[in-house]
Amino acid sequence: MSSETTIKKKRHKGFLVAIEGIDGSGKSTLSARIYRDLTTQGLPIYLTREPGDTFLGQKLRAVLHQTQKQPCSHAEFLMFAADRAEHFHEVVIPQLKKGNIVISDRLADSSLAYQGFGRGLDLNMLKSINTWAMRGIEPDLVIFLDIDEDTALKRITGTRRTLTSFELEHVQFWKKVRKGFKTILEEKKDRAVIIDALKLPEHVCQDAVNAILEKCTNK
Ligand code: TYD
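This report concerns the structure included in the present document. (Residues numbered from 1 in each chain as written. Predicted model: local features only at pLDDT ≥ 70, side-chain atom pairs only at ≥ 80, totals over all residues. Heavy atoms only, no water.)

## Notes on the pattern of salt bridges
Step number 1: A complete count under the given rule lists 14 salt bridges for this structure.
Step number 2: Across the pair Asp146 and Arg178 runs a salt bridge whose closest N-O atoms are separated by 2.9 Å. Here Asp146 is found in strand S4 (residues 141-146), whereas its partner Arg178 is found in helix H8 (residues 171-188), with 32 residues between them in sequence.
Step number 3: Residue Arg178 is classed as buried on the basis of its relative accessible area, which comes to 17%.
Step number 4: Overlapping salt bridges, with partners in common, bring together Asp146, Glu149, Lys175, Arg178 and Lys182 in one network. (Salt bridge = Lys/Arg side-chain N within 4 Å of Asp/Glu carboxyl O. Helix = DSSP H or I, 4+ residues; strand = E, 2+ residues; numbered from the N terminus. Buried < 20%, exposed > 50% of the residue type's maximum accessible area, 1.4 Å probe, protein only.)

## Description of the environment of Lys199
Step number 1: Among the structural elements, Lys199 can be located in the loop between strand S5 (192-196) and helix H9 (201-217).
Step number 2: Look at Lys199 and you get partly exposed, because its relative accessible area is 33%.
Step number 3: Lys199 sits 112 residues away from His87 along the chain, and the two C-alpha atoms are 31 Å apart.
Step number 4: Residues in contact with Lys199, not counting those within four places in the same chain, are Val204 and Asp207.
Step number 5: Polar side-chain contacts of Lys199 include one of 2.4 Å to the side chain of Asp207. (Contact = heavy atoms within 4.5 Å. Polar contact = N/O pair within 3.5 Å; in protein donor to acceptor, adjacent residues only side chain to side chain.)

## Looking at the site of the ligand
Step number 1: Near the ligand lie 14 residues; those nearest to it are Arg61, Arg84, Arg106, Ser111 and Gln115.
Step number 2: Arg84 is positioned with one of its side-chain polar atoms (N or O) 2.9 Å from an oxygen atom of the ligand.
Step number 3: Ser111 is positioned such that a nitrogen or oxygen atom in its side chain is 2.6 Å from an oxygen atom of the ligand.
Step number 4: If the ligand stood free it would expose 550 Å²; the protein chains cover 90% of that surface.
Step number 5: Among the elements of the structure, helix H3 (55-64), helix H4 (73-97) and helix H5 (108-118) are those that each provide at least two residues to the shell around the ligand.
Step number 6: With four residues, the top contributor of residues to the shell around the ligand is H5.
Step number 7: For the shell around the ligand, a count of residues per class yields five nonpolar, three polar and six charged. (Near = heavy atom within 4 Å. Areas by Shrake-Rupley, 256 points an atom, 1.4 Å probe, with all protein chains shown as cover. Nonpolar A, V, L, I, M, F, W, Y, C, P; charged D, E, K, R; others polar.)

## A word on the pairing of strand S1 (residues 15-20)
Step number 1: For S1, the buried fraction is high: six of the six residues fall into the buried class.
Step number 2: Burial of S1 is two-sided: the residues Phe15, Val17 and Ile19 facing one way and the residues Leu16, Ala18 and Glu20 facing the other way are all buried.
Step number 3: Pairing analysis gives five bridges linking S1 to strand S3 (residues 101-105), with the strands arranged parallel. From the neighbouring strand, Leu16 faces S3, where its bridge partner is Val102.
Step number 4: Alignment of S1 against S4, held across four bridges, turns out to be parallel. Counted as the bridge partner of Glu20 is Phe144 from S4. (Pairing = 2+ DSSP bridges.)

What follows is the structure in structure tokens.
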């Protein structure tokens with residue numbers, strides 16, 4: 001048995017949650033609220049994100065926030081995958097080993113949705129590289145914040161910060177990404193929850209917290 005396969009079968013003590021959605025769906029607000037709520041309940045929570053806050057993640061964010069020259073789709077995915085490998089090595093795996101509930105604002109499914117369904121890259125190739133980068137660890141739960149593209153676009157253009165190359169994409173791209181997320185989540189069945197992002201933030205948070213607590217206690 002190869003060492004890669006051995007890694008695949010390893011279990012960890014913690015619980016990994018991915019918060020996913022198109023830009024403007026409110027993932028970051030939700031992640032912060034979940035963190036606050038579960039910490040208040042005395043649970044061991046670690047909040048993180050992709051692109052990560054590692055040195056590689058910071059470089060990647062800088063690439064995404066400039067619009068002069070964009071990498072080709074293949075290189076774009078490999079940048080996210082490199083960041084993911086570093087994120088799992090530096091942050092996710094150590095925190096799971098400590099027994100924490102790790103909440104990540106985006107994870108591998110963002111690559112399947114954006115680079116796979118959005119850019120048209122081969123999904124099986126992306127899945128293999130993701131699995132390798134994540135050392136075979138999969139999220140225990142994926143929470144997808146669903147919002148229509150037009151509302152998301154309005155939310156984004158209403159902010160004053162500089163937009164990333166993805167946020168400047170045409171609405172057709174976003175439609176593909178959103179549909180992609182839904183297709184990916186259907187395969188995950190009971191490890192995925194879809195929440196309507198247009199509900200009040202406190203209700204969105206309550207639904208997410210309930211889903212985490214239910215899955216966590218049944219792990
Ligand atoms: P985002 O979570 O929006 O970061 P920030 O809040 O700093 O803007 O992520 C940046 C962009 O990167 C976002 O448009 C989605 C995109 N992305 C991918 O295309 N593939 C991926 O694998 C990841 C993690 C993000």
